[in-house]
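# Structural overview for review
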Amino acid sequence: TLNSTLFPYTTLFRSVILPGDGIGKEVTTEGKKVLEKIAELFGHSFVFDEAIIGHDAIEATGNPLPDETLAKLKDCNAILFGAVGHPKYDNDPTLKVRPEQGLLKMRKELGLYANLRPIKLFDELLEASSKIMSHNPALLPTLPKSIEY
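The sections below set out a description of the structure shown in this document. (Residues numbered from 1 in each chain as written. Predicted model: local features only at pLDDT ≥ 70, side-chain atom pairs only at ≥ 80, totals over all residues. Heavy atoms only, no water.)

### Some thoughts on the overall build of the chain
A count of helical and extended segments in the chain gives 6 helices and 3 strands. Burial status across the chain gives 24% buried among its 149 residues. For the chain, restricting intrachain contacts to residue pairs at least 6 apart in sequence, the fraction spanning at least 24 positions comes to 70%. Accessible surface for the chain amounts to roughly 10300 Å². Of this, 58% is attributable to carbon and sulfur atoms. (Helix = DSSP H or I, 4+ residues; strand = E, 2+ residues; numbered from the N terminus. Buried < 20%, exposed > 50% of the residue type's maximum accessible area, 1.4 Å probe, protein only. Contact = heavy atoms within 4.5 Å. Areas by Shrake-Rupley, 256 points an atom, 1.4 Å probe, with all protein chains shown as cover.)

### Some thoughts on the pattern of salt bridges
Per the counting criterion, the structure on display carries 8 salt bridges. The salt bridge partner of Asp49 is Lys72, with a shortest N-O separation of 3.4 Å. With Asp49 in strand β2 (residues 45-50) and Lys72 in helix α3 (residues 67-74), this residue pair connects regions lying 23 residues apart in the sequence. Lys72 gets classed as partly exposed once you look at its relative accessible area, which sits at 22%. With a shortest N-O distance of 2.9 Å, Glu100 and Arg98 are connected by a salt bridge. Here Glu100 falls in the partly exposed class, since its relative accessible area comes to 33%. (Salt bridge = Lys/Arg side-chain N within 4 Å of Asp/Glu carboxyl O.)

### What to know about the pairing of strand β1 (residues 12-20)
Both β1 and β2 contribute to a ladder of 6 bridges, which runs parallel. Its bridge partner being in β2, Phe13 is matched across the sheet by Phe46. The β-α-β motif built from β1, the intervening helix α1 (residues 24-42) and the parallel element β2 has right-handed crossover chirality. As paired elements, β1 and strand β3 (residues 78-83) share 5 bridges and run parallel to each other. Across the sheet, residue Gly20 finds its bridge partner in β3, namely Ala83. (Pairing = 2+ DSSP bridges. Right-handed = clockwise from strand over helix to strand, strands pointing away.)

### Some points on the packing of aromatic side chains
Applying the stated criterion to the full structure yields 2 aromatic pairs. The interplanar angle of 25° and the centroid separation of 5.3 Å between the aromatic rings of Phe13 and Phe46 together place this pair among those described as stacked. Of this pair, Phe13 sits in strand β1 while Phe46 sits in strand β2, and the two are 33 residues apart along the sequence. Given a relative accessible area of 26%, Phe13 falls into the partly exposed group. Following the ring pairs from residue to residue traces out a cluster consisting of Phe13, Phe46 and Phe48. (Phe/Tyr/Trp six-rings, centres within 6.5 Å; stacked < 30°, edge-to-face > 60°.)

Quick look at the structure:
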């Protein structure tokens, strides 16, 4: 643990883990380990809860985002989300209830609109951005080189 003089603030985070479907289970398992290490190093505290969404939720309740899951999400500080989807839905457009409906409802109910991911833009590829070049090539030299547009 770090010196409490250097890091005097301990923060408690109530976090809900939504493993979801497929690889989401593996991703959130490893993500939780990372958060536990952050807590250890920086004096934070995490209280983890888990809930269902997507295909697993449909199989268990008939609903891709059960009310119980949504209630937990509305009462937490952070959500660690895995993935939704299942091969069962890929080739059958007639299915009315689909895993991604849970994700869309979660975004709507919680006012979420962005999916933040780390990025890196290589200088050699900066001019390859067709959006920038087609809209205003004069802006190109002024753009941060660490952001993908």
